[in-house]
Each structure stands twice: as C-alpha cells, then as structure tokens.
Amino acid sequence: MAIRPRSQIVQPGDSVRLRVLFRGSDGQPTDLDAFPALTIVGPAGGVVTGPTSAGVFREAIGIYGFEYDVGLMPEIGVWRDIWQGTLNGFDVISEFQFV
C-alpha cells in the first residue's frame, strides 16, 4: 500500500494524494475564505465522497490536499476530484482527474 500522487496510476489498496492550488487575481497562491469542499466521482459517474471539507488539509498558502483510500476493489477508470470554495466572496471550482 502506497500513497501516490494523482499523476501516477493508483493500485488497489493504495491511497491517492489529491492537491489543489488556488490563485488570487494577481496570480499568486492565496487561501480561500474557508476550507474547500471536495467531491470525488468514480468512473461510473457516482459520487463516492462528498461534498465535504472533512479530511481536507492545508499544505501551504493556497494549497489544499486530501488523501483518498481507493480500497481493495476500486472501480477501474478515470476518477474526478472536484474542489469548490469561496475566494473573496466569489465561488471558485477546480476539477482534476486520476486513474
């Protein structure tokens, strides 16, 4: 069992470290007004986690993370992680993929 970045193929029993970077209007990393909510969608299109801020951690200014355990029998295919938050009162959303 390993903790892998989203750029690597995740194997059964692994965890994937999901990260997001939010930037302000000046292009610099900036924290959101509150911790972002994360939704993880499986390859079949069903929501498997979230939306939730539980387990989300702050790594640095504007950088948030979450470790997701894919389990021993994960769905095979492309997963999506969707991050939602508020920055200076405006809704922001970022979406990524992992396999």
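Residues numbered from 1 in each chain as written. Predicted model: local features only at pLDDT ≥ 70, side-chain atom pairs only at ≥ 80, totals over all residues. Heavy atoms only, no water.

Attention now goes to the pairing of strand S2 (residues 15-21). Summarising the sheet, strand S1 (residues 3-5) and S2 pair through 3 bridges and their orientation is parallel. In the sheet register, Pro-5 faces S2, and the bridge partner there is Arg-17. In the sheet, S2 pairs with strand S6 (residues 63-69) via 7 bridges, with the strands oriented antiparallel. When the sheet's bridge partners are listed, Val-20 is paired in S6 with Tyr-64. (Pairing = 2+ DSSP bridges. Helix = DSSP H or I, 4+ residues; strand = E, 2+ residues; numbered from the N terminus.)

Position of Ile-76 relative to the elements: it lies in the loop between S6 and strand S7 (79-87). With relative accessibility at 84%, the residue Ile-76 sits in the exposed group. With 66 residues separating them in the primary sequence, Ile-76 and Val-10 have C-alpha atoms 9.8 Å apart. (Buried < 20%, exposed > 50% of the residue type's maximum accessible area, 1.4 Å probe, protein only.)

A separate point is the sheet that holds strand S3 (residues 37-41). Spatially, S4-S3-S7-S8 is the arrangement adopted by the 4 strands of the open sheet, whose pairing is antiparallel. Only two strands of the sheet have a single neighbouring strand rather than two, namely strand S4 (47-52) and strand S8 (90-98). Shown here is a sheet whose adjacent strand axes are inclined to one another by a mean of 15°, direction ignored. Summarising the sheet, S3 and S7 pair through 5 bridges and their orientation is antiparallel. The partner of Ile-40 across the bridge, within S7, is Asp-81. (Axes fitted to C-alpha atoms, helices over the stretch in contact; angles between N-to-C directions.)

Attention shifts here to the sheet that holds S2. Read across the sheet, 4 strands follow the order S1-S2-S6-S5 without closing on themselves; strand pairing throughout is mixed. The strands lining the two open edges of the sheet, one partner per strand, are S1 and strand S5 (57-60). Sheet twist, expressed as the average angle between the axes of neighbouring strands with direction ignored, equals 35°.

Before going further, it helps to examine the pattern of salt bridges. Taken as a whole and judged by the stated rule, the model has 6 salt bridges. Arg-19 is paired through a salt bridge with Glu-59; the nearest N and O atoms lie 2.9 Å apart. Remark: Glu-59 occurs in strand S5 and Arg-19 occurs in strand S2; sequence separation between them is 40 residues. Its relative accessible area of 41% is what places Arg-19 among the partly exposed residues. (Salt bridge = Lys/Arg side-chain N within 4 Å of Asp/Glu carboxyl O.)

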